[in-house]
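A closer look at the structure
Here is how the chains run, residue by residue.
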Amino acid sequence: MKFQTITGTKDILPSESSLWQHIEQTARSVFKRFGYSEIRTPVFEDTNLFLRGIGETTDIVGKEMYTFKPSAESEESLTLRPEMTASVMRAYLQHSLGAQSPVVKVYYISELFRKEKPQKGRYRQFWQFGAECIGSANPEADAEVIAMMMMIYDELGIKNTTLKLNSLGDIETRKRYRTILQDYLRPHFDKLDAVSKERFEKNPLRILDSKNPDLKELIENAPRILECLDEVSKSHFETVKTYLDDFGVKYVIDHRLVRGLDYYSRTAFELVSSDLGAQDALGGGGRYDGLGEQLGAEKEIPAVGFASGIERLLIALESAGISEKIQPPKPDVMLVAQSPLARGWIMKTAQAWRKEGLTVETDLLARSLKAQMREANRLGATFAVIVGENELQTGKFQLKNLLTSEQKEIQQEDLLSEIKTRTA
Ligand code: HAM
């Protein structure tokens, strides 16, 4: 029996890991410059955390969660995390992080689980990097979070993207808008598709999100939430936009952008890419001032954040021709042994040189000189040093530069410093 990965999951193979590391390092470097620290939370949580946090009428909670009981008799229900924001807010409340710092800025690089129908860019286990800024109600926090997300894409060289921006107002605005939208849609109810009909009572704002071309015109002419905004949300949104203009971050206002999670208030944003196909959202986020209370806090905890899908980013990097430029690190030198005595010497020397910071390869298969040289070339080593009885007796070594085919005689005591200076 041959075991295979489960549908909707993927191995990240050694040939791909340099690219993953490059993405992670770029994200970490930007997060650091904005003063964010890493948070890691458990992969599974109490199911109620997500029911309350994400919202019972959302697709995620309704049909996409991997929920299980820890044992047959247990009353407990656990769920593999489908997103990070609820977990981060749970950790913030559990550990009173707000008492230690008025604004808590954290980032994560985590795997998530959603029982979706797998397709290109949509998996059942996938990765996100993201960040949450908890404690500030001010538009500066929104603008900084968006700018931070954009800086990561920018530094990765991602183009062909559109940043969509909207404001969902406060809770009262949304309640008011919900009724306005239902009143507008009601006479057209029969024209709605099955999914939208289902959403009409449960979550009518999500109808705006529909990709059904038959509903395009109806949705386009729908009353706009921005026209219903309360004064505070309106001025908050204006300030966020002014900052983004100041930062040179380009965006378009998208009246249809409501996002698929219920916790958002005021700013909502999403970055889409024309290189992605149907699943075109590279990342998204927004403000979620109500989530803390939803999870049991005594007062409102203002917060804003974003998350980006790493697998989708890989597709975008691939189509931009960037992934092929990120190569796995190559060895500085391959030590090639011509005899058993030489093998002993290269093993010891490789150890010593690795301690000095060099990447050193040796042959672990006791292959012929020719095969070892072929391996050195295959690995892309900069140098090869062939070691035989003669070299060990005389202390004179041939240092071969495999990239230029140059060869040079070097005294044993000078080998390390020569390789170090020429590979630095
Ligand atoms: P989200 O829009 O559900 O937001 O997910 C963010 C990103 O994760 C998406 O734009 C997409 O790139 C990626 N993603 C989502 N589902 C899948 C999937 N099944 N396969 C591959 N990639 C996927 C959130 O998760 C919010 N927690 C973001 C946030 C943070 N809001 C505030 N703070």
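Conventions used here
- Residues numbered from 1 in each chain as written.
- Predicted model: local features only at pLDDT ≥ 70, side-chain atom pairs only at ≥ 80, totals over all residues.
- Heavy atoms only, no water.
- Domains from an automatic or database assignment.
- Helix = DSSP H or I, 4+ residues; strand = E, 2+ residues; numbered from the N terminus.
- Axes fitted to C-alpha atoms, helices over the stretch in contact; angles between N-to-C directions.
- Parallel < 35°, antiparallel > 145°, perpendicular 65-115°, else oblique.
- Contact = heavy atoms within 4.5 Å.
- Patch = residues over 30% accessible without salt bridge, like charges linked within 9 Å, V, L, I, M, F, W, Y side chains within 5 Å.
- Areas by Shrake-Rupley, 256 points an atom, 1.4 Å probe, with all protein chains shown as cover.
- Salt bridge = Lys/Arg side-chain N within 4 Å of Asp/Glu carboxyl O.
- Buried < 20%, exposed > 50% of the residue type's maximum accessible area, 1.4 Å probe, protein only.
- Pairing = 2+ DSSP bridges.

Bringing the domain arrangement of the protein chain into the picture now. Here the protein chain is partitioned into domain 1 (14–170 + 230–324) and domain 2 (333–423). Put simply, the middle of domain 1 and the middle of domain 2, counted by C-alpha atoms, are 48 Å apart.

So, on to unusual backbone geometry. Positive phi, close to 45 degrees, is recorded for Ser-96, a residue that is not glycine. Its place among the elements puts Ser-96 in the loop between α4 (85–94) and α5 (97–100). One non-glycine residue, Arg-266, lies in positive phi territory at about 55 degrees. You can see Arg-266 is positioned in the loop between β8 (252–253) and β9 (267–273).

What follows concerns the packing of helix α1 (residues 14–33) against helix α12 (residues 310–319). The contact between α1 and α12 brings their axes to 11 Å, and the two run at 110 degrees. By the angle class used here, α1 and α12 are roughly perpendicular. The residues of α12 that touch α1, namely those facing Leu-19, Trp-20 and Ile-23, are Ile-310, Glu-311, Leu-313, Leu-314 and Leu-317.

Let us look at a nonpolar patch on the surface. A cluster of nonpolar residues, Met-347, Leu-364 and Leu-365, forms a patch on the protein surface that exposes about 350 Å² of accessible area. Counting through the fold element by element, Leu-365 comes out in the loop between β13 (360–362) and α14 (369–379).

Ala-371, Gln-372, Met-373, Glu-375 and Ala-376 are the residues of α14 that are buried. Against the buried residues of α14 lie β12 (333–337), α13 (340–355), β14 (383–387) and β15 (396–401). Directly beyond the C-terminal end of α14, a positive phi value near 80 degrees is found at Gly-380.

This part is about the pairing of strand β11 (residues 303–309). Counting buried residues in β11 gives seven out of seven residues, a clear majority hidden from the surface. Burial along β11 is two-sided: the residues Ala-303, Gly-305, Ala-307 and Gly-309 and Val-304, Phe-306 and Ser-308 are all buried. As paired elements, strand β6 (residues 125–134) and β11 share seven bridges and run antiparallel to each other. What sits directly across from Cys-133, in β11, is Val-304. Bridging between strand β10 (residues 281–287) and β11 involves five bridges; their strand directions are antiparallel.

Our next topic: the sheet that holds β6. Reading across the sheet, the eight strands line up as β1-β5-β6-β11-β10-β9-β7-β8 and stay open at both edges, with mixed pairing between neighbours. Two strands in the sheet have a free side with no partner beyond their single neighbour: β1 (37–38) and β8. Of the strands in this sheet, β1, β5 (104–113), β6 and β11 are in contact with α1, which crosses β6 at around 5 degrees. Its contacts with the sheet place helix α6 (residues 139–156) against β6, β7 (161–167), β9, β10 and β11, and it is angled at close to 15 degrees to β11.

Right, let's get into the sheet that holds strand β16 (residues 407–411). Here five strands make up an open sheet; going across it, the order is β13-β12-β14-β15-β16 and the pairing mixed. A single partner strand is all that each edge strand has here, and the edge strands are β13 and β16. If you compare each strand with its neighbour and ignore which way they point, the axes differ by 30 degrees on average. Sheet analysis places β12 next to β14, joined by five bridges and oriented parallel. Opposite Met-334, over in β14, you have Ala-384 as the bridge partner. The sheet strands contacting α14 are β12, β13, β14 and β15, and the helix crosses β12 at an angle near 175 degrees. This element, helix α16 (residues 412–423), spans β12, β14, β15 and β16 of the sheet and lies at about 130 degrees to β16.

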